[in-house]
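The lines below spell out each chain.
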Amino acid sequence: VPVVTVATKPFEGQKPGTSGLRKAVKVFQQEHYTENFIHCVLEAGKTVGQTLVVGGDGRYYGEEVVATIIRMAAAHGVAKLVVAKAGIMSTPAVSAIIRERGLCGGIVLTASHNPGGPDADFGIKYNCSNGGPAPDHVTNAMYGLTTQISQYKICPSLVCDIHIIQTSVFQVDGVGDFTVEVVDGVDGYVRLMKSIFDFPAIAAFIKSFPVLMDSLNGVTGPYVERIFLGELGAPPSSVRNTKPLPDFGGLHPDPNLTYAADLVATMRGTDLYKMGAAFDGDGDRNMILGERGFFVTPCDSVAVIANNASCIPYFRGGVGGLARSMPTSCALDRVAAALKVEMFEVPTGWKYFGNLMDAGRLAICGEESFGYSLPSGRVYPQVQSTLRYSLPSGTVYPHHLPSSTLTYPHHLPPSSTPIIYPHHLPHPLPHHLPSSTPISTITYSHHLPSSTLRYDYENCAAEPCGAMVARLRGLVDGVDGGLTGKSFVDGEKSYTVDRADDFSYTDPIDGSVATQQGIRVIMTDGSRIVYRLSGTGSSGATVRLYVESYERYEDGQEDRYLTDSQTVLRPLLNIALNIAQLKQYTGRDGPTVVT
Ligand code: VG1
Ligand code: CO
């Protein structure tokens with residue numbers, strides 16, 4: 001196969017964000033645009049003579065880009081590509097195969113939760129040999145190369161059918177042998193799940209605990225079918241939207257209350273299901289709902305998982321450190337303190353967990369945006385694990401209550417089922433619990449429940465949002481008297497600012513520093529306001545506003561824990577909107593998504 005060298009020029013803005021390079025499909029379709037970036041990925045990933053895996057969420061333009069990667073990897077001197085059949089392999093599955101086979105890295109063709117189709121988004125993520133997303137120093141190196149590129153190499157005539165499971169070897173002129181192995185994208189992951197979780201026990205459990213899994217036509221469909229229908233014997237009514245479609249069938253594969261509205265409506269309208277879940281496009285995040293559509297905030301989920309980790313066979317030996325992204329609520333910190341393990345607060349983005357995991361300092365971590373990682377350390381960490389989370393013994397026991405009422409039962413004996421249980425409900429438990437639920441004890445926690453909310457203002461004009469953040473940076477640096485020490489009142493509530501900053505993080509393992517990761521305003525009672533601009537959008541700006549508070553009600557007033565988070569947090573939200581002058585800058589009266 002001949003190699004051709006193509007002259008090119010740099011494109012502006014090929015800078016990977018929170019999770020890879022994301023742009024409109026039309027941007028990727030410009031001549032040389034995709035090739036330029038792939039060249040820089042192959043170069044920065046030091047892939048000559050190595051083996052890489054290529055997968056993706058099946059979105060529009062993915063197959064074309066797989067073909068381009070095959071042609072460019074051959075010309076670049078990559079020894080071998082392991083390619084998912086039809087390009088379908090979830091982000092967690094890519095991570096798993098990198099670790100299982102000891103590969104140099106992997107490319108995931110996805111824009112995750114962004115919509116797909118010719119008029120929507122495409123994206124390219126790179127994962128390193130530890131299976132996790134490329135850290136900043138690697139993505140910065142890629143970006144640096146994209147600003148200087150003048151040529152790339154490609155084998156334009158190389159054709160390889162990725163719809164048939166087969167291994168092909170090509171002789172590349174002046175380079176040598178190049179192998180493409182097409183694999184089933186689901187097999188290895190299912191094997192891995194079976195090695196971690198007790199499938200027979202879960203199969204027995206879900207017989208009386210029916211679940212509804214909504215793949216939103218993203219990559220998780222085939223995994224959900226294979227695991228829930230095939231392995232666990234759930235009925236076909238347990239799954240929906242399981243066919244990966246190039247445009248997700250018009251759905252927006254972002255698993256939250258707004259974009260997974262169908263699932264929420266179904267769950268709210270029936271008693272048929274005890275638990276529901278929706279997944280994002282590439283399968284590394286999920287939303288969990290309890291009975292009747294009870295919403296479980298991921299901040300609580302990760303805290304509950306950590307608090308009850310001994311229920312998962314993998315963690316019987318103990319749990320190492322815990323970590324959360326900065327905007328994720330501090331519920332996990334309280335669990336870490338109770339378990340007496342290390343706790344880390346990292347910037348938003350899964351890449352910041354990797355070093356801690358590799359160093360054995362971190363066992364369970366999560367983000368408020370519905371990503372969790374469970375088992376780690378031994379074989380396959382680095383997975384923002386979706387299907388994994390849906391499988392552990394965790395029973396979310398709902399009561400149609402807002403998340404602010406949740407508590408973390410603290411001393412559950414091993415082998416019992418973790419339960420998210422409303423703080424005030426009577427003991428003993430209500431009689432309608434499924435009889436098979438292995439509940440041993442419910443202990444009322446002494447931990448305070450926290451209320452958290454995220455407001456997203458999507459697709460705003462970029463310039464005023466940048467100006468808003470710049471002004472906030474000024475404020476936390478002391479402009480106009482700064483924020484520290486100031487008191488803010490809304491209705492009956494008053495808060496005093498203890499400290500405010502623009503979050504920066506020094507990685508404890510390699511000393512690398514990430515700055516400007518979000519404005520934090522921390523009140524004297526521990527309540528927090530956080531402002532960030534999303535790093536995953538393809539155009540314009542998305543403002544994320546996070547608020548969190550702790551409420552302790554007097555004995556006899558426990559009913560107040562039932563109050564909806566938006567009501568509980570209204571005063572702090574109003575204060576947050578005022579401090580940032582958010583309405584003036586964004587021109588928006590309200591958020592597009594609330595979680
Ligand atoms: C969002 C989430 C973040 C997550 C990231 C990638 O980033 O907030 O927690 O890690 O998406 O997830 P941002 O910068 O838009 O807030 V995925 O599933 O897109 O790979
Ligand atoms: Co994702």
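This is a predicted model, so every value here is computed, not measured.

**Some remarks on the overall build of the protein**
Part 1 of the argument: For the protein, the count of helices and strands is 17 helices and 28 strands.
Part 2 of the argument: Per-residue burial for the protein yields a buried fraction of 59% across its 595 residues.
Part 3 of the argument: When the accessible surface of the protein is totalled, it reaches about 21,700 Å², and 50% of it is carbon and sulfur.

**Observations regarding the pattern of salt bridges**
Part 1 of the argument: On inspection of all chains with the given rule, the structure shows 27 salt bridges.
Part 2 of the argument: Across the salt bridge formed by R285 and D254, the nearest N and O atoms sit 3.9 Å from each other. On the criterion of sequence distance, the pair formed by R285 in the loop between β12 (275-279) and β13 (286-289) and D254 in the loop between β11 (239-240) and α9 (261-268) is long-range, its members being 31 residues apart. Across the pair, D254 and R285 agree in class, each one buried.
Part 3 of the argument: Measuring nitrogen to oxygen at the nearest pair gives 3.2 Å for the salt bridge that ties E345 to R520. Here E345 is found in strand β15 (residues 343-346), whereas its partner R520 is found in strand β25 (residues 519-523), with 175 residues between them in sequence.
Part 4 of the argument: On the accessibility criterion, E345 (22% relative accessible area) is partly exposed.
Part 5 of the argument: Taking the relative accessible area as the measure of exposure, R520 reaches 9% and is therefore buried.

**Description of the coordination of the cobalt ion (ligand 2)**
Note on metal sites: the ideal angle is 109.5 degrees for four tetrahedral donors, and 90 or 180 degrees for six octahedral donors.
Part 1 of the argument: The cobalt ion (ligand 2) binds to the protein through S112 (OG), D280 (OD), D282 (OD) and D284 (OD); the donor distances cover 1.9 to 2.1 Å.
Part 2 of the argument: Considered as a linear motif, the donors of the cobalt ion (ligand 2) on their single chain read S-x167-D-x1-D-x1-D. With a gap of 168 residues between them, S112 in the loop between β5 (105-109) and β6 (121-127) and D280 in the loop between β12 and β13 connect regions that are remote in the sequence.
Part 3 of the argument: Here S112 falls in the buried class, since its relative accessible area comes to 2%.

**Comments concerning the site of ligand 1**
Part 1 of the argument: Among the 23 residues in the neighbourhood of ligand 1, the closest are listed as T18, S112, S369, T536 and R544.
Part 2 of the argument: A distance of 2.6 Å is found between an oxygen atom of ligand 1 and a backbone nitrogen or oxygen belonging to G535.

**As for the packing of helix α6 (residues 187-196) against helix α8 (residues 220-231)**
Two quantities define a packed helix pair, namely the angle between the axes and the distance from one axis to the other.
Part 1 of the argument: For the pair α6 and α8, the least separation of the axes is 10 Å and the interaxial angle reads 50°. In terms of axis orientation, α6 runs oblique to α8. For the crossing formed where α6 meets α8, the hand is right-handed. Between α6 and α8, the contacting residues are D187, Y189, V190, M193 and K194 on the first element and Y223, R226, I227 and E231 on the second.
Part 2 of the argument: Here the residues of the contact of α6 with α8 sort into 5 nonpolar, no polar and 4 charged.

**Side note on the sheet that holds β12**
Part 1 of the argument: Taken in spatial order, the 4 strands line up as β11-β10-β12-β13 in an open sheet, and their pairing is mixed. Each edge of the open sheet carries a strand with a single partner, namely β11 and β13.
Part 2 of the argument: The sheet contact formed by strand β10 (residues 211-214) and β12 spans 4 bridges and is parallel. Paired with D214 across the bridge in β12 is A278.

**Observations concerning helix α11 (residues 331-339)**
Part 1 of the argument: For α11, the complete set of buried residues consists of A331, L332, R334, V335 and A336.
Part 2 of the argument: A positive phi of about 60° marks K340, the residue just after α11.

**Focus: the confidence of the model for the protein**
Part 1 of the argument: With 84% of its residues at a pLDDT of at least 70, the protein reaches an overall mean of 84.
Part 2 of the argument: Low pLDDT, under 50, characterises residues 375-448; the predicted model gives this stretch 237 contacts beyond four residues in sequence or across chains.

**As for the layout of surface pockets**
Part 1 of the argument: Quantified by volume, the largest pocket comes out at close to 930 Å³.
Part 2 of the argument: Forming the boundary of the largest pocket are 36 residues, of which G17, T18, L533, S534 and G535 lie nearest the centre.
Part 3 of the argument: The dominant element in the lining of the largest pocket, judged by the number of residues it contributes, is helix α5 (residues 136-146), at 4 residues.
Part 4 of the argument: Tallied by class, residues from the lining of the largest pocket come to 9 nonpolar, 19 polar and 8 charged.

Thresholds applied
- Residues numbered from 1 in each chain as written.
- Chains lettered and ligands numbered in written order.
- Predicted model: local features only at pLDDT ≥ 70, side-chain atom pairs only at ≥ 80, totals over all residues.
- Heavy atoms only, no water.
- Helix = DSSP H or I, 4+ residues; strand = E, 2+ residues; numbered from the N terminus.
- Buried < 20%, exposed > 50% of the residue type's maximum accessible area, 1.4 Å probe, protein only.
- Areas by Shrake-Rupley, 256 points an atom, 1.4 Å probe, with all protein chains shown as cover.
- Salt bridge = Lys/Arg side-chain N within 4 Å of Asp/Glu carboxyl O.
- Donors = N, O, S within 2.8 Å, 3.2 Å for Na, K, Ca; no water.
- Near = heavy atom within 4 Å.
- Polar contact = N/O pair within 3.5 Å; in protein donor to acceptor, adjacent residues only side chain to side chain.
- Axes fitted to C-alpha atoms, helices over the stretch in contact; angles between N-to-C directions.
- Parallel < 35°, antiparallel > 145°, perpendicular 65-115°, else oblique.
- Left-handed = near helix turned anticlockwise from the far one by under 90°.
- Contact = heavy atoms within 4.5 Å.
- Nonpolar A, V, L, I, M, F, W, Y, C, P; charged D, E, K, R; others polar.
- Pairing = 2+ DSSP bridges.
- pLDDT = per-residue confidence, 0-100.
- 1 Å grid on protein atoms, 1.4 Å probe; cavity = no way out; pocket = protein on both sides within 12 Å on 5 of 7 lines; lining within 4 Å.
- Points joined across faces, edges and corners; volume = space filled by probe spheres on them.

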